[in-house]
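# Remarks on the overall topology
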Amino acid sequence: MRGLLTPQRVLIGLGCLVALIACCGLAYWQWQRFESASGTFQNLGYVLQWPLFGLFPAFMVWRFRRLARQRRDEPLPTPEPVAPAAKPVTTVDAVKPAPVEHFDDPEDAELAAYNRMLADLNARDGR
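Residues numbered from 1 in each chain as written. Predicted model: local features only at pLDDT ≥ 70, side-chain atom pairs only at ≥ 80, totals over all residues. Heavy atoms only, no water.

### Regarding the overall build of the protein chain
How we decide: Strands are runs of DSSP state E lasting at least two residues, helices are runs of H or I lasting at least four, and both sets are numbered from the N terminus onward. The contact criterion used is simple: two residues touch if any of their non-hydrogen atoms lie within 4.5 Å. Each accessible area is a Shrake-Rupley estimate made with a 1.4 Å probe; only the visible protein chains count as cover when residues are assessed.
Assigned secondary structure in the protein chain consists of three helices and zero strands. Of the regular secondary structure in the protein chain, the N- to C-terminal order runs α-α-α. Contacts in the protein chain between residues far apart in sequence, at least 24 positions, make up 45% of those at least 6 positions apart. When the accessible area of the protein chain is evaluated, it comes to approximately 11500 Å², of which 64% is carbon and sulfur surface.

Encoded structure:
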């Protein structure tokens, strides 16, 4: 029971109350607009929405408290023993890069250089 009315809880409660009063006031204003000669059904929709907007902060406080209680009540997971990491197997000649080819055309030489680079990356990734 101790700590039931902390300053933080009082401020949160006041904030929720202010939001509810303000949104109900806006709903009343929209109701007056709906009843006026220029009122539309959009105003009536807002009459129904504003109270929900005002209740949303209180719902979020309730939801956060419920989630915190669930987290607090959950048992802590027991750590499982960790097996030592397996030693990586490396083979030196598992992947050989493509042989270097000579081309007279610069585009073919560029393509061959690109393919060598890809083969080298593949060889590094395979280790």
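Don't stop here, the text continues.
### Things to note about helix H1 (residues 7-35)
Working note: α-helix, 3.6 residues per turn, so residues spaced by three or four point in the same direction. The test is simple: Multiplying 1.5 Å by the residue count of a helix minus one yields the expected span of that helix. Remark: exposure states derive from per-residue accessible area (1.4 Å probe, protein chains only) relative to the maximum for the residue type, with buried under 20%, exposed over 50%, and partly exposed in between.
Here H1 spans 42 Å end to end across 29 residues, near enough to the 42 Å set by a 1.5 Å rise per residue. Buried within H1 we find Cys-16, Ala-19, Cys-23, Ala-27 and Gln-30. Residues of H1 that are buried make contact with helix H2 (41-73).

### Here we look at the side chain of Asn-43
Mapped onto the elements, Asn-43 comes out in helix H2. Among residues more than four places away in sequence, those in contact with Asn-43 are Gln-30, Arg-33 and Phe-34.

### Describing the confidence of the model for the protein chain
Condition: Confidence scores per residue from the predictor, reported as pLDDT, run from 0 to 100.
Scored by pLDDT, the protein chain has a mean of 83; 82% of the residues are at 70 or more. Within the protein chain, helix H3 (residues 106-125) has the poorest average pLDDT of any element, 84, and H1 the best, 93.

### A word on a positive patch on the surface
The condition is simple: Patch members must show over 30% relative accessible area and no salt bridge, and they are joined within 9 Å when carrying like charges or within 5 Å when they are nonpolar side chains of Val, Leu, Ile, Met, Phe, Trp or Tyr. Whenever a carboxyl oxygen of Asp or Glu lies within 4 Å of a side-chain nitrogen of Lys or Arg, that contact is scored as a salt bridge. The charge count includes Lys and Arg as positive and Asp and Glu as negative, but it does not include His or the ends of the chains. To locate a charge, the coordinates of NZ of Lys, CZ of Arg, CG of Asp or CD of Glu are taken.
On the surface, Arg-9, Arg-65, Arg-69 and Arg-72 cluster together into a positively charged patch. It is H2 that contributes the most residues to the positive patch, three residues altogether. Note that Arg-69 resides in helix H2. Arg-69 gets classed as partly exposed once you look at its relative accessible area, which sits at 41%.

### Some remarks on the packing of aromatic side chains
Selection rule: Think of it this way: a Phe, Tyr or Trp ring, Trp meaning its six-membered ring, pairs with another when their centres are within 6.5 Å, and the plane angle makes it stacked under 30 degrees, edge-to-face over 60, tilted otherwise.
Within the structure shown, the criterion is met by five aromatic pairs. Taken together, a centroid distance of 5.9 Å and an interplanar angle of 50° make the contact between Phe-34 and Phe-41 tilted. You can call Phe-34 partly exposed: its relative accessible area is 23%. Relative to Trp-62, the ring of Phe-59 has its centre 5.8 Å away and its plane inclined at 35°; by these criteria the two rings are tilted. Taken as a pair, Phe-59 and Trp-62 lie in helix H2 at a separation of three residues, close to a single helical turn.

### Considerations on the pattern of salt bridges
Within the structure shown, the criterion is met by one salt bridge. When the shortest N-O distance is used, the salt bridge between Arg-124 and Asp-120 registers 2.7 Å. Taken together, the positions of Arg-124 and Asp-120, both in helix H3 and four residues apart, correspond to about one turn of that helix. Owing to a relative accessible area of 31%, Asp-120 belongs among the partly exposed residues under this scheme.

### Let's talk about the packing of H1 against H2
Operational definition: To define axes, lines are fitted to C-alpha atoms, for helices over the stretch in contact only, and angles between the resulting N-to-C directions are given on a 0 to 180 degree scale. Our angle categories are set so that under 35 degrees counts as roughly parallel, over 145 as roughly antiparallel, 65 to 115 as roughly perpendicular, and the remainder as oblique. Gly is put with the polar residues, along with every residue not named as nonpolar or charged; the nonpolar set is Ala, Val, Leu, Ile, Met, Phe, Trp, Tyr, Cys and Pro, and the charged set is Asp, Glu, Lys and Arg.
Following both chains from N to C, one finds H1 and H2 inclined at 170°, their axes separated by 6 Å at the closest point. Overall, the two elements H1 and H2 adopt an arrangement that is roughly antiparallel. Across the contact of H1 with H2, the residue classes tally to 20 nonpolar, three polar and three charged.

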